Every structure is written in C-alpha cells, then in structure tokens.
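These are the residues of each chain, in order.
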Amino acid sequence: IPYDAAVVTRNAVFLDSLTQMAWDGFNPITKDEKSRTLPVVYDDTAKFNEEQNRFRGAIGKLVAAKGDEGAVKVAAAEVFKSCGSCHDSFRAK
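Residues numbered from 1 in each chain as written. Predicted model: local features only at pLDDT ≥ 70, side-chain atom pairs only at ≥ 80, totals over all residues. Heavy atoms only, no water.

### Thoughts on the pattern of salt bridges
- Considering all chains together, one arrives at seven salt bridges under this definition.
- We note a salt bridge from Lys73 to Glu69, for which the minimum N-O separation is 3.6 Å. With Lys73 and Glu69 both in helix H4 (residues 69-90) and four residues apart, the pair spans about one turn of that helix.
- Since its relative accessible area comes to 36%, Glu69 is described here as partly exposed.
- One connected set of salt bridges, linked through shared partners, spans Glu50, Glu51 and Arg54. (Salt bridge = Lys/Arg side-chain N within 4 Å of Asp/Glu carboxyl O. Helix = DSSP H or I, 4+ residues; strand = E, 2+ residues; numbered from the N terminus. Buried < 20%, exposed > 50% of the residue type's maximum accessible area, 1.4 Å probe, protein only.)

Below, the structure is given as structure tokens:
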C-alpha cells in the first residue's frame, strides 16, 4: 500500500502505548510461571531494564518522526533491532 504519513504516525502512537503494557508481565511474582522468559530477566534486572529502555527510546524516536518517511524508516529499523535483541537475550527459543 502507498505510504501514508498520517497512518504511520497514528500507528506509532498506538505502538508506544501497547509496548508500555508488556513490562507489567515481568513482575518478580511471575518468575515461576511457565513462559519462554529466561531467568536472566529476574536475575539481572539491570541488564533487562537497560534493554527495555533502549527499546522504549527507539519507540520514542519512531513517534517523534511524525510520519516523515525517511525518519520513520530509520526509527523503525532501530525498533526492530532492539525488539529482536531483547528477544534474543531474554526469551527461550
């Protein structure tokens, strides 16, 4: 479909909201629940929080791009890289 800056901007804001919710599931009381979460999430919270902050920063750049196609492409690549990095480091295969 053709690039639509308004749709991209709207969806970036939606993504910003949705990705804030995910972190609620990594509360220490969930440590023993069956999931694909690796123990390092709870054992090295500083590392996990650093990755979380990197991801949230990348989302912020996507929102700040305000639909500028070039800026969106750069920011989206950073979001994908950060998202993948977190999954590689903190989620069982």
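Okay, back to it.
### Structural notes on the environment of Glu50
- Its place among the elements puts Glu50 in helix H3 (residues 45-64).
- Looking at Glu50, the relative accessible area reads 48%, which means it is partly exposed.
- Residues Glu50 and Cys86 lie 36 residues apart in sequence; the distance between their C-alpha atoms is 9.9 Å.

### Considering the environment of Ala58
- Relative to the helices and strands, Ala58 is located in helix H3.
- As a C-alpha pair, Ala58 and Phe80 span 22 residues in sequence and 8.9 Å in three-dimensional space.
- When near neighbours in sequence (up to four residues on either side) are disregarded, Ala58 contacts Ala75, Glu78 and Val79. (Contact = heavy atoms within 4.5 Å.)

### Points about the packing of helix H1 (residues 5-21) against H3
- It is the contact of H1 with H3, at a shortest axis distance of 9 Å, that shows an interaxial angle of 160°. As judged from the angle between their axes, H1 and H3 are roughly antiparallel. Between H1 and H3 the crossing geometry is left-handed. Facing Ala12, Val13, Leu15, Asp16, Thr19 and Gln20 of H1, the residues of H3 in contact are Phe55, Arg56, Ile59, Leu62 and Val63. (Axes fitted to C-alpha atoms, helices over the stretch in contact; angles between N-to-C directions. Parallel < 35°, antiparallel > 145°, perpendicular 65-115°, else oblique. Left-handed = near helix turned anticlockwise from the far one by under 90°.)

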